[in-house]
Amino acid sequence: MGHYRVCVYAICKNEEQFVESWMDSMRESDKVVVLDTGSDDRTVELLRAKGAEVTTELITPWRFDVARNRSLALVPEDMDICVCTDLDERFRPGWRERLEAAWTDGTSLASYRYTWNFNPDGSEGCVFWIEKAHARKGFSWVHPVHEVLQWDGHAPQGRTVSVDGMQLDHHADPSKSRAQYLPLLELSVEEAPLDDRNMHYLGREYLYYKRWDDCIRTLQRHLALPTAVWKDERSASMRYIAHAFLGKNQQDTARDWFLRAIAEAPHLREGYLDLARMLYECGEWEGVLYFTGCALQITERPQTYINEAASWGSLPHDLRAIAFFQTGRTARALEEARLALAFAPQDERLQGNVAVLERLSG
């Protein structure tokens, strides 16, 4: 098709509902290869009918890195660019042309925009940039879960390019269990106790399960690691520790950790808004206004995964509208309520807030 030969590769299990739209999205590539890890529905049949080359293999014990490397091994040696996706992901049309335009001889990795989830109204939720398009030689996957590409030294390490306009969307199946993630994360940390990223992920997973003390202990270990130097992720660990202390009804300690998170990464909205939400619950309205104001001064959304959809939607204006109303400033409250509604025009609560404030202002 183009100057470079492009192959999409994937792993899957029981994802028949995604096959047609995924294959349609990937058809811009020269080849699609899939490792099926034990489907008992029509996934394999449907993939082959749409033109994918499918190999079936059980991975025991299950590890995502092993499965990814098995699927990568299915990619023919003469391919120039390998693109790893999952069946619940979709490229927007034109991705291949943009990838080829950015890729030059000597490139080994490409970074592109990824929407990890969508809000109920269809707007984008969490958005960041990922690097899962890579040269055929020189890379392998590591870690049992939250697996990442690692240069393996078997080929020259080339440059990384950013591909403007290459967009991948994730449409997750909410019915899929995430039960396997926690034991796999614990295994990841056991295998690589000095890996800061997976220590952070494990602490976050403990927070998800409301295992407050495990969350606090693990994330404090993350912060103590000599390699844990990325301020965005350190700040996130501090915020999660704060949320765990809130779970333990220790508001004063939680406030201290939120403030530490803000100090660690003052360029991120999330710390300010987490603290603003806590102050909202306490009825400390001037604090809500101060910290939401700080958040709104940050106008550029980061390209990393450390960003939350709520921070870039209606939330800051919604909190400000309520705080202005509670302190008797109805006109300012209406301004903020309208701004909040502009981000989520179908939200009935926000519609109601605007209506009430318009009546009071009229």
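Scroll up for the structure.
For every chain, the first residue of its written sequence is number 1, and the numbers climb from 1 along that sequence. Local features in a predicted model are, by the rule used here, given only for residues with pLDDT of at least 70; side-chain atom pairs are given and counted only at 80 or more, and totals for whole chains, interfaces and linings are based on all residues. Based on all heavy atoms of the structure, the side-chain values leave hydrogens and waters out of the count.

A. Structural detail: unusual backbone geometry. Looking along the chain, the bond that leaves Thr60 and enters Pro61 is cis, with omega of -5°. The phi torsion at Asn14 lies on the positive side, around 55°, for a residue other than glycine. With respect to the helices and strands, Asn14 occurs in the loop between β1 (6-12) and α1 (19-26). For the exposure calls, accessible area comes from a 1.4 Å probe over protein chains only, and a residue counts as buried if that area is under 20% of its type's maximum, exposed if over 50%, partly exposed in between. Exposure remark for Asn14: the relative accessible area of 28% places this residue in the partly exposed category. With a phi close to 90°, His143 is a non-glycine residue in the positive phi region. Runs of E in the DSSP output that reach at least two residues are strands. Runs of H or I that reach at least four are helices, and both are numbered from the N terminus.

B. Expanded view of the pairing of β1. Of all seven residues that make up β1, seven are buried, and the element is covered over most of its length. What you see with β1 is no split at all: Val6, Val8, Ala10 and Cys12 on one side and Cys7, Tyr9 and Ile11 on the other are buried throughout. Here four bridges tie β1 to strand β4 (residues 81-84), and the two strands are oriented parallel to one another. Paired with Cys7 across the strands is Cys82, a residue of β4. In short, DSSP must find at least two bridges between two strands for them to pair. Two strands pair when backbone bridges link them, and β1 and strand β2 (residues 31-36) are joined in this way by six bridges, in the parallel orientation. Looking at β2, one finds that Tyr9 is bridged to Val33. By convention, a crossover is right-handed whenever its connection, traced from the first strand over the helix to the second and viewed with the strands pointing away, goes clockwise. Crossover β1 to β2 through α1 is right-handed.

C. View of the environment of Tyr209. By the secondary structure assignment, Tyr209 is in the loop between α6 (196-208) and α7 (212-224). C-alpha separation for the pair Tyr209 and Ala331, spaced 122 residues apart in sequence, amounts to 42 Å. Excluding its chain neighbours within four sequence positions, the residues that come into contact with Tyr209 are Arg178, Ala179 and Leu182. By definition in these notes, contact holds between two residues if any of their heavy atoms fall within 4.5 Å.

D. Local environment of the side chain of Thr37. Along the polypeptide, Thr37 turns up in the loop between β2 and α2 (43-49). Aside from chain neighbours lying at most four places away, what touches Thr37 is Cys12, Lys13, Glu57, Leu58, Ile59 and Trp62.

E. Up close: the packing of aromatic side chains. Centres within 6.5 Å are what make two rings of Phe, Tyr or Trp a pair, Trp counting through its six-membered ring; a difference in plane orientation under 30 degrees is then read as stacked, over 60 as edge-to-face, and the rest as tilted. Inspection of every chain in the model, using the stated rule, returns eleven aromatic pairs. Relative to Tyr305, the ring of Trp230 has its centre 6.2 Å away and its plane inclined at 55°; by these criteria the two rings are tilted. In this pair, Trp230 sits in the loop between α7 and α8 (231-247) while Tyr305 sits in the loop between α11 (285-296) and α12 (315-326), placing the two residues 75 residues apart along the sequence. With relative accessibility at 29%, the residue Trp230 sits in the partly exposed group. Tyr305 sits in the buried class, given a relative accessible area of 15%. The structure contains a cluster of three or more aromatic residues connected by ring pairs, namely Tyr114, Phe128, Tyr201, Trp230 and Tyr305. Criterion for a charge above a ring: Arg CZ or Lys NZ at most 6 Å from the ring centre, at most 35 degrees from the ring normal. One cation-aromatic arrangement involves Arg260 over Trp257; the distance from NZ or CZ to the ring centre is 4.0 Å. It is Arg269 that lies over the ring of Trp312; its NZ or CZ is 3.8 Å from the centre.

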